[in-house]
2 protein chains.
Amino acid sequence: MNEKTIKVYKDLMGANAEWAQKTRDLLKKKKVVMLNLIGSPGSGKTVLLERLAKDCSDSLSFSVLEGDVETTKDAERLQKLDILASQLLTGGACHLEAKLVHYALKDLPLDELDIVFVENVGNLVCPAEFDIGEEAKIAVLSVTEGEEKPSKYPLLFNEASAVVLTKTDLLPHLNYKIGVCMEAIKDVNGSIPVFQVDALNGNGVEQWHEWIKERVRAC
Amino acid sequence: MNEKTIKVYKDLMGANAEWAQKTRDLLKKKKVVMLNLIGSPGSGKTVLLERLAKDCSDSLSFSVLEGDVETTKDAERLQKLDILASQLLTGGACHLEAKLVHYALKDLPLDELDIVFVENVGNLVCPAEFDIGEEAKIAVLSVTEGEEKPSKYPLLFNEASAVVLTKTDLLPHLNYKIGVCMEAIKDVNGSIPVFQVDALNGNGVEQWHEWIKERVRAC
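The notes below deal with the structure included here.

The rules we used
- Residues numbered from 1 in each chain as written.
- Chains lettered and ligands numbered in written order.
- Predicted model: local features only at pLDDT ≥ 70, side-chain atom pairs only at ≥ 80, totals over all residues.
- Heavy atoms only, no water.
- Helix = DSSP H or I, 4+ residues; strand = E, 2+ residues; numbered from the N terminus.
- Buried < 20%, exposed > 50% of the residue type's maximum accessible area, 1.4 Å probe, protein only.
- Polar contact = N/O pair within 3.5 Å; in protein donor to acceptor, adjacent residues only side chain to side chain.
- Pairing = 2+ DSSP bridges.
- Axes fitted to C-alpha atoms, helices over the stretch in contact; angles between N-to-C directions.
- Contact = heavy atoms within 4.5 Å.
- Buried area = accessible area lost by both parts, 1.4 Å probe.
- Salt bridge = Lys/Arg side-chain N within 4 Å of Asp/Glu carboxyl O.
- Parallel < 35°, antiparallel > 145°, perpendicular 65-115°, else oblique.
- Least-squares fit on C-alpha atoms with pLDDT ≥ 70 in both.
- Core = buried A, V, L, I, M, F, W, Y, C linked by side-chain atoms within 4.5 Å.

1. Side note on the side chain of A:Ser63
Residue and element names in this part refer to chain A. Assignment of secondary structure puts Ser-63 in strand β2 (residues 62-68). Since its relative accessible area comes to 0%, Ser-63 is described here as buried. In terms of polar contacts, Ser-63 uses its side chain to reach the backbone carbonyl oxygen of Leu-84, at 2.8 Å.

Given below as structure tokens:
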């Protein structure tokens, strides 16, 4: 058998890891932080970024890579607030991969930025499995999703460096035990900070914003 | 080269389709309907089934296959209501595949059942891609997820035979335009019925329950 006919396929995760490393090198060189926001569809990821734009655009220069299966709706929402946002369409895939993120990142004006947020495809499972070269994964979970999600989807909460528990304005209207959710998070990842926020109205967001700024200062 | 050393791998979707067909044959033989509930984590799929158990267990004999990445929490919730429920754990995977569903289905007392519900893994993307031999897919979407999800995750809404729009009890507390969501559904799938329900309190569930019973009568 002629050796030249042997096709070698590298494992896909290996190729993903290479692109993730390229992204990490680029971010390090440009002194830019990249955070990967992961949560269910409708967990409030875009509202979190809109709130950051409203409260911190004077003190923080940031850009957003919006991951979605279809549509440019989320990028449009951020552009209305003068945030530079690109839309990354997966065309059916349920997560972002490192190569697509790398190409979109390279096109951003990194010399002018402190931080890039990647809003991953709305999904609690698959995005957690793909390293995209981020400095940290952030789990975004809304109180309307129930208390037990960290136990049912442990990988994300294990991988994440922080949890943002959103939509706390709805707590008075839900039969939701916040202590049960906090315990479930602690069972999966004992050391993780949890920020309880009502980003729509801007309540409780200060600590979350301070945590972001601390990452930028440490970069 | 010895022919015996040649390994043949059938494409995975092909194998999935074979198991789905086996399930369809079994359901037809046993005159049992199988509905595949697909929605985000926390969209209210289990509450829908709990409501059905409370309101219709006299008129409908049903069982549930609960798909999750981890934990048996959902099956336990249904067993408390005397519903026979099995838990299908994917061990990390973001959707149910036909083979696992087939084996779990075969173990149910199909001669005594009108209908089997499969509650798929909480995820708006991947489960819609996998035929598990169901008669129909049902998209479960909560009003807390925002109006635009049918546009952003079109495959599920295109594949579904009905949409259940859940948590309508929270509408007074949300800035949610139900007409915008209805338009988004219509854009993707013009002919699909949409049931607006508050399953927690049992409001608006009658038409949804009647639709289920009609599927059973037609079986």
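After that view of the structure, there is still more to cover.
2. Observations concerning the sheet that holds strand β7 (residues 194-196) of chain A
Residue and element names in this part refer to chain A. With respect to topology, 7 strands assemble into an open sheet ordered β3-β2-β4-β1-β5-β6-β7, the strand pairing being parallel. Of all the strands in the sheet, just β3 (85-89) and β7 have a single pairing partner and so form its edges. Neighbour-to-neighbour, the strand axes of this sheet turn through a mean angle of 20°, independent of strand direction. Of the strand pairs in this sheet, β2 and strand β4 (residues 115-119) are connected by 5 bridges, and their pairing is parallel.

3. Concerning the environment of A:Met34
Residues and elements named next belong to chain A. You can see Met-34 is positioned in strand β1 (residues 33-39). Measuring from C-alpha to C-alpha, the distance between Met-34 and Ser-151 comes to 26 Å, with 117 residues separating the pair along the chain. Beyond its immediate chain neighbours, meaning those up to four positions away, Met-34 contacts Thr-23, Leu-27, Val-101, Leu-105, Val-116, Val-118, Ile-132, Gly-133, Glu-134, Glu-135 and Ala-136.

4. So, the interface of chain B and chain A
Interface size is often expressed as the accessible area that is lost when the parts come together. Taken together, the contacts link 32 residues of chain B with 32 residues of chain A. Around 2,400 Å² of area is buried between chain B and chain A when both sides are counted, 62% of it from carbon and sulfur atoms. Together, B:Pro41, B:Lys152 and B:His173 form the three largest contributors to the area buried by chain B at its contact with chain A, with a combined 23%. Counting across the interface, chain B meets chain A through 4 salt bridges. Between A:Lys152 and B:Asp74 there is a salt bridge, and its shortest N-O distance comes to 2.7 Å. The interface formed by chain B and chain A holds 7 residue pairs in polar contact (both at pLDDT 80 or more) in total. Elements with a contribution of two residues or more to the side of chain B that touches chain A: α3 (73-79) and α5 (149-152) of chain B. The biggest single contributor to the side of chain B that touches chain A is α5(B), with 3 residues.

5. What to know about the packing of helix α2 (residues 45-56) of chain A against helix α8 (residues 206-218) of chain A
Residues and elements named next belong to chain A. For the pair α2 and α8, the least separation of the axes is 11 Å and the interaxial angle reads 80°. As summarised for this structure, α2 and α8 are arranged roughly perpendicular, according to the angle between their axes. Here Leu-48, Arg-51, Leu-52, Asp-55 and Cys-56 of α2 come into contact with α8, specifically with Trp-208, His-209, Ile-212 and Lys-213.

6. Side note on the pattern of salt bridges
Counted according to the given criterion, the structure contains 28 salt bridges over all chains. Close ionic contact of A:Arg215 with A:Glu135 constitutes a salt bridge, the shortest N to O distance being 2.9 Å. Taken as a pair, A:Arg215 in helix α8 and A:Glu135 in the loop between β4 and β5 (136-142) lie far apart in primary sequence, 80 residues in all. Residue classification places A:Arg215 among the partly exposed residues on the basis of a relative accessible area of 21%. Given the relative accessible area of 39%, A:Glu135 is considered partly exposed. Here the salt bridges do not stand alone but share partners, grouping A:Glu50, A:Asp68, A:Asp74, A:Arg77, B:Glu148, B:Lys149 and B:Lys152 into one network.

7. Remarks on the relation of the copies chain B and chain A
One copy of the chain maps onto the other through a rotation about an axis plus a displacement along that axis. Between the two copies, chain B and chain A, the superposition gives an RMSD of 0.0 Å; the rotation angle is 180° and the shift along the axis is 0.0 Å. What the rotation and shift describe, once combined, is the action of a two-fold rotation axis. By residue overlap, the copies meet face to face through one surface: 100% of the interface positions of chain B are interface positions in chain A.

8. A word on the nonpolar core
In terms of nonpolar packing, the biggest core is built from 44 residues, with A:Val125, A:Leu156, A:Phe157, B:Val125, B:Leu156 and B:Phe157 touching the most fellow members. When residues of this core are traced back to their parent elements, those giving at least two are β5, α6 (154-159), β6 (162-166) and α7 (178-188) of chain A together with β5 (136-142), α6 (154-159), β6 (162-166) and α7 (178-188) of chain B. Among all residues touching B:Val125, those that are not within four sequence positions of it are A:Val69, A:Gly92, A:Ala93, A:Cys94, A:Val121, A:Gly122 and B:Tyr153. B:Leu49, B:Val140, B:Ala162 and B:Val205 belong to the second-largest nonpolar core, a separate cluster that totals 31 residues.

9. Some remarks on the sheet that holds strand β1 (residues 33-39) of chain B
All names here are of chain B. Reading across the sheet, the 7 strands line up as β3-β2-β4-β1-β5-β6-β7 and stay open at both edges, with parallel pairing between neighbours. Two strands lie at the open edges of the sheet, namely β3 (85-89) and β7 (194-196), each paired on one side alone. Strand-to-strand twist in this sheet, taken as the mean axis angle between neighbours without regard to direction, amounts to 20°. Where β1 lies against strand β4 (residues 115-119), 5 bridges are found, and the strand directions are parallel. Bridge pairing in β4 links Asn-36 to Val-118. This element, α7, spans β5, β6 and β7 of the sheet and lies at about 160° to β7. Taken strand by strand, helix α8 (residues 206-218) contacts β1, β4, β5, β6 and β7, and its axis lies near 145° from that of β1.

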